[in-house]
Amino acid sequence: MMEKISEQTGNITPGLVTRCGIYSSVLLLIVFGIIQAEDLHLGGYMESPELRERHSTKELYRAAYGACHQLVKAKKCAPLLVRLGWHDSGNYDGETKSGGANGSIRFEKELGHNGNAGIPNAIALLKPIKDRYPEISYADLFQMASAAAIDVSGGPKVDMLYGRQDAQSDSEVPPNGRLPGAAAPFHKAVGSDPTELAESMTPAEHIRAVFYRMGLEDVDIVALSGAHTLGRAFKDRSGACPMASTKYTAEGPGTKGGMSWTTEWLKFDNTYYQELLKGEKGAGDPELLKLATDTALLTDPAFRVYTEKFANSQEDFFQQYAVS
């Protein structure tokens, strides 16, 4: 059994992760470890050492989550932490059962993978919290920080499941190339050499290759893509970013410049989908970013159904994001 700690109620209930909310970031919770526990009842007696230990575990995770909350508010670093959670988890391969949220992104070998520029900054931000709560694995902390970032930014509260075990060395780092690319020609993202280029692969085929490899479906792809409502891409890190700075990003906060997908890129809402639809109608903002994999959410009929649904209903988006 896996221990589930709800940040909404503070209760612990048994649960098991088979799908995950990535970002968010998504929040793709691929679980490698287990915490054995029964339900905790806060009003009950805590006489046995076992019950006392469980209570301490709950309080430990709640305190660390609170610290992540405060960090996001102080540093305005929600996009960076969501990206960290996604990049640590989004390389999972369901067939080989390798990769996923195991904290391996802290190793230099994985930090050197395509798309991980800037990730060391996120890990450095979390170091004081890790030092304060050493009992919490890096894998749990990275996903916790992502969930806290989404919460602080106005997004859905995600019921977290904790107990992931950390990768112990860089021998557990998965192959490079499992994360999605930004522009054609796209890499295969699957198999023994995920970096191998597939010249004829369309944007829709590419993102399906990435997410299907993890066991996710079209609705998850569209929902988790909605995390682009947060953050920016930078021209010096992504060849697909046409502008070095815009009127929305020129003054930061944090690193100045880059291109955002939305005008309020520190706010988690359904604006990302609305901006996609505006662009299709010719009313898009030229200073907002739209990658080929973004527009695929409109041009692919199966993706479009969910894009329109989430553009019309933030509630539907939040509900799906929290379970994807």
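Now for a description of the structure that goes with this document. (Residues numbered from 1 in each chain as written. Predicted model: local features only at pLDDT ≥ 70, side-chain atom pairs only at ≥ 80, totals over all residues. Heavy atoms only, no water.)

As for its placement among the helices and strands, glutamate 110 is situated in helix α3 (residues 108–111). In this structure, glutamate 110 is buried with no salt-bridge partner, the nearest side chain bearing the opposite charge being arginine 106 at 8.3 Å. In terms of polar contacts, glutamate 110 uses its side chain to reach the side chain of serine 104, at 2.5 Å. With residues near it in sequence (within four places) discarded, glutamate 110 still touches His87, Asp88, Asn91, Ser104, Ile105, Asn116, Val173 and Pro174. (Helix = DSSP H or I, 4+ residues; strand = E, 2+ residues; numbered from the N terminus. Buried < 20%, exposed > 50% of the residue type's maximum accessible area, 1.4 Å probe, protein only. Lys, Arg positive; Asp, Glu negative; His and termini not counted. Salt bridge = Lys/Arg side-chain N within 4 Å of Asp/Glu carboxyl O. Polar contact = N/O pair within 3.5 Å; in protein donor to acceptor, adjacent residues only side chain to side chain. Contact = heavy atoms within 4.5 Å.)

Where helix α10 (residues 301–312) contacts helix α11 (residues 314–323), the two axes come as close as 5 Å, and the packing angle between them is 120 degrees. The orientation of α10 relative to α11 falls into the category oblique. Listed contacts from α11 to Lys309, Phe310 and Asn312 of α10 are Gln314, Asp316, Phe317 and Gln320. Looking at the contact of α10 with α11 residue by residue, the classes come out as 2 nonpolar, 3 polar and 2 charged. (Axes fitted to C-alpha atoms, helices over the stretch in contact; angles between N-to-C directions. Parallel < 35°, antiparallel > 145°, perpendicular 65-115°, else oblique. Nonpolar A, V, L, I, M, F, W, Y, C, P; charged D, E, K, R; others polar.)

Turning to the pattern of salt bridges, a few remarks are in order. Applying the stated rule across the entire model yields 13 salt bridges. Linked by salt bridges that have partners in common, Arg208, Asp218 and Asp300 make up one network.

At a minimum axis distance of 9 Å, the contact between helix α7 (residues 218–225) and α10 shows a crossing angle of 45 degrees. Classified by the interaxial angle, the pair formed by α7 and α10 is oblique. Note that α7 runs across α10; the crossing there is right-handed. Counted together, Asp218, Val219, Ile221, Val222 and Ala223 of α7 and Ala302, Phe303, Tyr306, Thr307 and Phe310 of α10 form the full contact between these two elements. In the contact of α7 with α10, the residues fall into 8 nonpolar, 1 polar and 1 charged. (Left-handed = near helix turned anticlockwise from the far one by under 90°.)

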